Amino acid sequence: MRHGAAMLAGLAGLAGLAGLALVLYLQFARQVPPCSLCIYQRLADLAMIFLILLGFFVLRRWSWALAGIAAGVGAILAAWQWHLADIAAQHRVEACANIQLLPQTVFSSPAISSPLASALTGQGSCAVAGAHRLLGWPITHWSLAFFLACALLLTLAVLLTRRR
């Protein structure tokens, strides 16, 4: 049973890494600027990945439960962005707050600080960011499905680690 739980949590962790790689590809290779909600979803993804990794070393059940909560928060943020993008499309609004979590001067090397800071800087519109499509679906839909799938995998992993 424990191996099955570890496999489910590992799958959720790999999905988290793949999701993070995809959004960084979209930002840097396809020039899709992230909005503030995109940045918050990245933070939820990073928290989920960190807690999954932590669960492989200590407090397996609790770490994976917290990772599932982080995935749930990501799902809520993705659903909210979906809602805002839908409203913005109906009313042709493109406003969204800018956010910068990491100033570019944090690291001494510009080669490190600039990409890292821009990966954690939301400057695009929530409506525009949410409207970009990937394989026919808006990014907001993919993000919601991704976080819900990770939350489900982590919930199953926690249930499999329960003491009997």
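So, how was this worked out
- Residues numbered from 1 in each chain as written.
- Predicted model: local features only at pLDDT ≥ 70, side-chain atom pairs only at ≥ 80, totals over all residues.
- Heavy atoms only, no water.
- Helix = DSSP H or I, 4+ residues; strand = E, 2+ residues; numbered from the N terminus.
- Buried < 20%, exposed > 50% of the residue type's maximum accessible area, 1.4 Å probe, protein only.
- Areas by Shrake-Rupley, 256 points an atom, 1.4 Å probe, with all protein chains shown as cover.
- Core = buried A, V, L, I, M, F, W, Y, C linked by side-chain atoms within 4.5 Å.
- Contact = heavy atoms within 4.5 Å.
- pLDDT = per-residue confidence, 0-100.
- Phe/Tyr/Trp six-rings, centres within 6.5 Å; stacked < 30°, edge-to-face > 60°.
- Lys NZ or Arg CZ within 6 Å of the ring centre and 35° of its normal.

Chemist: Go over the overall build of the protein, please, and point to the residues and values.
Modeler: Looking only at helices and strands, the protein features six helices and four strands. Along the protein, helices and strands appear, N-terminal first, in the series α-α-α-β-α-β-α-β-β-α. Buried positions account for 43% of the 164 residues belonging to the protein. Accessible surface for the protein amounts to roughly 9400 Å². Of this, 70% is attributable to carbon and sulfur atoms.

Chemist: I'd like a rundown of the nonpolar core, residues and numbers included.
Modeler: Judged by nonpolar contacts, the single largest core of 23 residues is most densely connected at Met48, Ile52, Trp64 and Leu154. Those elements that provide at least two residues to this core are helix H1 (2-28), helix H2 (36-55), helix H3 (60-91) and helix H6 (139-160). Element by element, the count of residues in this core is highest for H6, at nine residues.

Chemist: Tell me about the side chain of Ser63, and please be specific about residues and values.
Modeler: Its place among the elements puts Ser63 in helix H3. Among residues more than four places away in sequence, those in contact with Ser63 are Leu51, Leu54, Gly55 and Val58.

Chemist: Account for the confidence of the model for the protein, with residues named and values stated.
Modeler: On average, the protein scores 81 in pLDDT, and the residues at 70 or more come to 73%. Confidence scores differ between elements of the protein, with strand S1 (residues 99-100) showing the lowest mean pLDDT of 51 and H6 the highest of 94.

Chemist: Give a detailed account of the packing of aromatic side chains, specifying residues and quantitative values.
Modeler: As enumerated under the stated definition, the model contains three aromatic pairs in all. Between the aromatic rings of Trp137 and Trp142, the centroid separation amounts to 5.0 Å while the plane-to-plane angle is 70 degrees, which identifies the pairing as edge-to-face. Judged by centre distance (4.9 Å) and plane angle (65 degrees), the rings of Phe146 and Phe147 are edge-to-face. As far as burial versus exposure is concerned, Phe146 and Phe147 are alike and both buried. The ring of Trp62 has Arg61 sitting right over it, with the charged end atom 5.7 Å from the ring centre.

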